[in-house]
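Residues per chain are reported as follows:
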Amino acid sequence: MALKAQVLYDFTAEPGNNELSVREGETVTVLYQTVGGGWTEAQNSSGQTGLVPEGYLQVGNVGGGEGDGAYVSNTTEGWDGQGYTHTQQAVEDDDGEWDDEWDNQSVGSYHGNDQMDGEGGASGRSAHGPSVKISLNKFPFSKGPSPEVFLLAKPPANTGDRLAVYMGEVGPVWLYPSSPLDCVIADPKKESKLYGLKSFIEYQITPSTTNRPVNHRYKHFDWLYERLLEKFGSALPIPSLPDKQVAGRFEEDFIRMRMERLQAWMSRMCRHPVVSQSDVFQLFLTYRDEKEWKAGKRKAEKDETVGPIIFSLIEPEAAELDAVQVEQRCEQYSRFTKSMEDGVRELLNIGQTHWKRCTGPLPKEYERIGRAFRNLSTVFNSSKYPGEETLTDALTAAGKTYEEIAQIVAQQPQKDLHFLLETNSEYKGLLGCFPEIITVHKAAVEKVKEGDRLVSAGKINNNDRKFMNQRISCMSYSLQAEMNHFHSNRIYDYNRVIQLYLEQQVAFYQQIADKLRAALSQFTTL
């Protein structure tokens, strides 16, 4: 009996990519369940065959017979140790390498970022579709390390992994590398696997330190994001990657937009003194061959200094702080990041509304003014009154001017508002990380407050109590160093992007003024 599957979600095939369009509720025949990369080969009732994302199918004996209603899943879902939901592919490479193309089956809004569609709503498929890996709660103490684990953790033996915090002019700061790191993402190329059945885009990334390009696909960026989030997410904001998308992923505009946003994400990671110098990030940028890449990948996935344990690596040079100072800092940063997040959201909402107006009703208003002038010119010209040509020509020119202004208005957001909105979107992602970071600190503060009771109850000794104070102090210095890094970047970024916005606005209005002045000059003074 042929294996049947019920379609759970609509899927539209990408032209020329051996895919099969299916509709929710449709029943298809499974021809080959283990194609790899999260895809299943299926045949619809019309006899058409092609690839369908396996997450879109409920595989089993559909439609009667023995075992009717039984569900045989081709994926298994569950929780990993860090509190992530995950989908484990049925087929994996023997060496633990990624499956072939699971990144191409995911849905829009996967990471929770605002993917603007015409600078408006979210792009990609609806959020109810199947997901691959979504962080619901990065650091739930019921599932991950409890406060005791990282408050009482012993320093690691490898001193090379230590994260130094120094006292600068503004307070605690991270140790910055002598040569700033940067990278350039360019030259996106469409490649294929599975004998041409599956296609993907590969990007060339050239770090400033080696000037030697390496190649990565989107799913490699996704792997890097997961590793950075797992390792540093308790202490540092690791913003999400640009959204995934099923439909239109090979369109030129989408590839350009994705590359631009990947560039912004990588540049931000390169600017962070801790992230940029980490082994996993350096591996991503500088691996020399496949053997080195796979070995480094396995090492990163076995790293035990992850989550809140990262605080055991912090080495501040300043004096120890008490829990009261730590609590005050947490409250201060919590208030600031919440207020800034509100301000960023407001600017995003206003900017997106203004973008829609500039590309929608506002140009049409200018076009209507232009047409009205030209129509009036035609009416005047029909009078055949002697000496009227100068006025009618000037009216016609004024009409054309307003139609040209309509085009200028429609094109302007891409020149100035685009960069302002992109920067705000980046900061929205960064600020969205701080509540969980601060929650980790607050939980540790509460546990330290219980220290005396724990000593009295015999659960910890006085040395443990002393060590808890040292660890909470290290955590506070880490938070202060990160906030100082954040503020420094914030001042630089907003100074740069608002300068650019205002410069472009000046040029925009100057261009309009020049055109209006030229139109005015054609009217005679009576």
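Heads up: these notes are all about the structure in this document. Starting from 1, residues in each chain are numbered consecutively following that chain's sequence as written. Two thresholds apply to this predicted model, a pLDDT of at least 70 for residue-level local features and 80 or more for giving and counting side-chain atom pairs, whereas whole-chain, interface and lining totals are computed over all residues. Side-chain measures were taken over the full set of non-hydrogen atoms in the model, leaving aside hydrogen atoms and water.

### Some words on the overall build of the protein
Applicable threshold: Strands are runs of DSSP state E lasting at least 2 residues, helices are runs of H or I lasting at least 4, and numbering of each runs from the N terminus. Think of it in three bands: residues with accessible area under 20% of the maximum for their type are buried, residues over 50% are exposed, and the middle band is partly exposed, with areas taken using a 1.4 Å probe on protein chains only. We call two residues contacting when some pair of their heavy atoms lies within 4.5 Å. Where accessible areas are quoted, they stem from the Shrake-Rupley method and a 1.4 Å probe; at the residue level, only the protein chains shown are allowed to cover.
When you go through the protein residue by residue, the secondary structure sums to 12 helices and 14 strands. For the protein, the proportion of its 526 residues judged to be buried stands at 48%. Of all intrachain contacts in the protein linking residues separated by at least 6 positions in sequence, the fraction that spans at least 24 positions is 70%. Per element, the accessible surface of the protein, about 25700 Å² overall, is 50% carbon and sulfur.

### A word on the side chain of Ser 312
Rules: Here a polar contact means two N or O atoms within 3.5 Å. Within protein one must be a hydrogen donor candidate and the other an acceptor candidate, and residues neighboring in sequence count only if both atoms are side-chain atoms.
The residue Ser 312 is located in the loop between helix H5 (290–301) and strand E14 (314–316) in this model. For Ser 312, a relative accessible area of 6% gives the class buried. Within the structure, Ser 312 has its side chain in polar contact with the backbone oxygen of Ile 309 (distance 2.6 Å).

### Quick look at the environment of Asp 289
Tracing the backbone shows Asp 289 in the loop between helix H4 (279–286) and H5. Along the primary structure Asp 289 and Val 214 are separated by 75 residues, whereas in three dimensions their C-alpha atoms are 9.3 Å apart. Side-chain polar atoms of Asp 289 contact the backbone nitrogen of Lys 291, separated by 3.2 Å.

### Brief notes about the pattern of salt bridges
Our working definition: Just to be clear on terms, a salt bridge is a Lys or Arg side-chain nitrogen sitting within 4 Å of an Asp or Glu carboxyl oxygen.
With the rule as written, the count across this model stands at 24 salt bridges. The closest approach of N and O atoms between Lys 231 and Asp 303, which form a salt bridge, is 2.7 Å. Residue Lys 231 is located in helix H2 (residues 218–232), and its partner Asp 303 is located in the loop between H5 and E14; the two are separated by 72 residues in the primary sequence. Assessed through its relative accessible area of 14%, Lys 231 is described here as buried. Taken together, the shared-partner salt bridges connect Arg 268, Arg 271, Glu 426, Asp 493 and Arg 496 into one network.

### Some remarks on the nonpolar core
So the rule is basically this: The set of buried Ala, Val, Leu, Ile, Met, Phe, Trp, Tyr and Cys residues whose side-chain atoms join them within 4.5 Å is what this entry labels a nonpolar core.
Formed by 83 residues in total, the largest nonpolar core has its most connected members in Phe 221, Leu 224, Leu 228, Met 266, Phe 281 and Leu 285. Tallying contributions element by element places helix H12 (residues 462–520) first for this core, with 12 residues. Apart from the residues within four sequence positions on either side, Leu 228 is in contact with Gly 233, Ile 238, Trp 265, Met 269, Val 275, Ser 278, Val 280 and Phe 281. Residues Ala 5, Leu 51, Leu 57 and Val 59 belong to the second largest nonpolar core, which totals 15 residues.

### Things to note about the sheet that holds E14
The criterion, for reference: DSSP calls a pair of strands paired once it identifies at least 2 bridges connecting them. As a rule, the C-alpha atoms of each element are fitted with a line to give its axis, helices using only the stretch in contact, and angles between N-to-C directions run from 0 to 180 degrees.
Judged by pairing direction, the sheet is mixed, and its three strands sit side by side in the order E10-E9-E14 without closing on themselves. Both outer strands of the open sheet, strand E10 (171–174) and E14, are each paired with one neighbouring strand and no more. This sheet shows a mean twist of 35° between the axes of neighbouring strands, independent of strand direction. In the sheet, strand E9 (residues 163–168) pairs with E10 via four bridges, with the strands oriented antiparallel. Each bridged residue has a counterpart across the sheet, and for Met 167 the counterpart in E10 is Pro 172.

### Concerning unusual backbone geometry
A positive phi is found at Asp 187, a non-glycine position, where the angle reads about 55°. Among the structural elements, Asp 187 can be located in strand E11 (residues 183–193). Overall, Asp 187 belongs to the partly exposed group, its relative accessible area being 37%. One non-glycine residue with positive phi stands out, namely Lys 384, at about 60°. Within the element layout of this structure, Lys 384 appears in the loop between helix H7 (361–381) and helix H8 (389–415). A residue is classified by how much of its surface remains accessible, and Lys 384, at 68% relative accessible area, is exposed.

### What about empty space enclosed by the protein?
For the record, the criterion: The way it works is a 1 Å grid over only the protein atoms, where trapped points that fit a 1.4 Å probe form a cavity and open points with protein on both sides within 12 Å along at least five of seven lines form a pocket, and then any residue with an atom within 4 Å of a point lines it. Grid points are joined across faces, edges and corners, and a volume is the space filled by probe spheres set on the points. Each residue receives one of three labels: charged for Asp, Glu, Lys and Arg, nonpolar for Ala, Val, Leu, Ile, Met, Phe, Trp, Tyr, Cys and Pro, and polar for the others, Gly being one of them.
The tally for this structure, following the rule as stated, stands at five cavities of 30 Å³ or more. Within this model, the second largest cavity holds a volume of roughly 120 Å³. Lining the second largest cavity we find 13 residues, and of these Arg 268, His 272, Leu 430, Glu 482 and His 485 sit closest to its centre. Secondary structure elements with two or more residues in the lining of the second largest cavity: helix H3 (252–271), helix H9 (417–431) and H12. Among the elements that line the lining of the second largest cavity, the one with the most residues is H12, at four residues. Of the residues in the lining of the second largest cavity, the class split is seven nonpolar, three polar and three charged.

### Notes on the packing of aromatic side chains
For any pair of aromatic rings, the description rests on two quantities: the centre-to-centre distance and the angle between the ring planes. Definition in use: Only centres within 6.5 Å qualify two rings of Phe, Tyr or Trp (six-membered ring in Trp) as a pair; their planes then separate them into stacked at under 30 degrees, edge-to-face at over 60, and tilted for everything else.
Evaluated as defined, the whole model comprises 13 aromatic pairs. Note on Tyr 366 and Tyr 402: the rings are 6.1 Å apart at their centroids and 25° apart in plane angle, and the pair reads as stacked. Of this pair, Tyr 366 sits in helix H7 while Tyr 402 is found in helix H8, placing the two residues 36 residues apart along the sequence. Taken together, Tyr 203, Phe 221, Trp 223, Phe 284, Tyr 287 and Trp 293 form an aromatic cluster joined through their ring pairs.

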